[in-house]
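Fold and geometry: a report
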Amino acid sequence: MEGVTYLGKVSQQQLVHEQKTSMIHIYPCDGPYEMFCLASMECQAAGTPTIATNQGALSTTVQDGKTGKLIYTLPDYDSCFYQTFADTVTTLLSDPIEWQRMSTYARERAFVHYSLKGLVLELEKRFTDWSR
C-alpha cells in the first residue's frame, strides 16, 4: 500500500521518531486482552491519533472522535471489518483539519492524564477516596 511502511523491529530512538512523524497509529486488536495499550498512549503523546478496535483498555485510552477513532466490530463477527477499518483510516487521512484537531487533543490529553505527575495525583485521589 502506498504510504505504508512496515519497519519490523526498530531501536527505541527510531520508535520515538516514528511515533512523532506518523500520521496515524493503527491498532486492530481482536480480543479483550489489551490491559492499557502503552503504544497508543505513546503515540497520542507524540500527537499521533490512534484508530483501534473497541477492545479492552483501548476503549478508554482512545476517546472516539477526540484522540482517534474506535471501530465497534471485530473480524470474527463482521465480514466488512477490514473495509470499515480501512475506510476509517482513509477518511481521517483525507481530512487534515479533523486530523489536526485529534492530534492536538490526543497530545494534550496524554500529558494531562498520563504524565507521571497526573498518574500520581490520580492514585492519591483514589487512595483518599478508598480510605474514607
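See the structure printed just above.
From a predicted model like this one, the values you see are computed outputs, not experimental measurements.

So, how was this worked out
- Residues numbered from 1 in each chain as written.
- Predicted model: local features only at pLDDT ≥ 70, side-chain atom pairs only at ≥ 80, totals over all residues.
- Heavy atoms only, no water.
- Helix = DSSP H or I, 4+ residues; strand = E, 2+ residues; numbered from the N terminus.
- Buried < 20%, exposed > 50% of the residue type's maximum accessible area, 1.4 Å probe, protein only.
- Contact = heavy atoms within 4.5 Å.
- Lys, Arg positive; Asp, Glu negative; His and termini not counted.
- Charge placed at Lys NZ, Arg CZ, Asp CG, Glu CD.
- Core = buried A, V, L, I, M, F, W, Y, C linked by side-chain atoms within 4.5 Å.
- Salt bridge = Lys/Arg side-chain N within 4 Å of Asp/Glu carboxyl O.

1. Thoughts on the overall build of the protein chain
Summing up its helical and strand segments, the protein chain has six helices and three strands in all. With respect to the three principal axes, the spread of C-alpha positions in the protein chain is 55 × 35 × 30 Å. Across the 132 residues of the protein chain, 32% fall into the buried class. Here the contacts in the protein chain between residues at least 6 apart in sequence split such that 55% fall between residues at least 24 apart. In the protein chain, which carries 11 positive and 15 negative side-chain charges, the distance between the mean positions of the two groups comes to 11 Å.

2. Focus on the nonpolar core
Generally speaking, a soluble globular protein has its nonpolar side chains buried in company with each other. Of all hydrophobic cores here, the largest spans nine residues; its members are I24, I51, I71, F81, F85, V89, L92, W99 and M102. A per-element tally of this core places helix α4 (residues 81–93) first, with four residues. If near-sequence neighbours (up to four positions away) are discounted, W99 is found in contact with S22, M23, I24, G47, P49 and L92. Counting six residues, the second largest nonpolar core, distinct from the first, contains C29, C37, A52 and L58.

3. Brief notes about the pattern of salt bridges
This model, assessed by the stated rule, comprises three salt bridges. One salt bridge in this structure joins E98 and R101, with 2.5 Å as the shortest N-O distance. Of this pair, E98 and R101 both sit in helix α5 (residues 96–114), separated by three residues, roughly a single helical turn. Exposure remark for R101: the relative accessible area of 37% places this residue in the partly exposed category. Among the salt bridges present, the one from K125 reaches D129, with a minimum N-O distance of 3.2 Å. Highlighted residues: K125 and D129, both in helix α6 (residues 116–130), separated by four residues, approximately one helical turn. A residue is classified by how much of its surface remains accessible, and K125, at 49% relative accessible area, is partly exposed. According to the relative accessible area criterion, D129 is partly exposed, its value standing at 37%.

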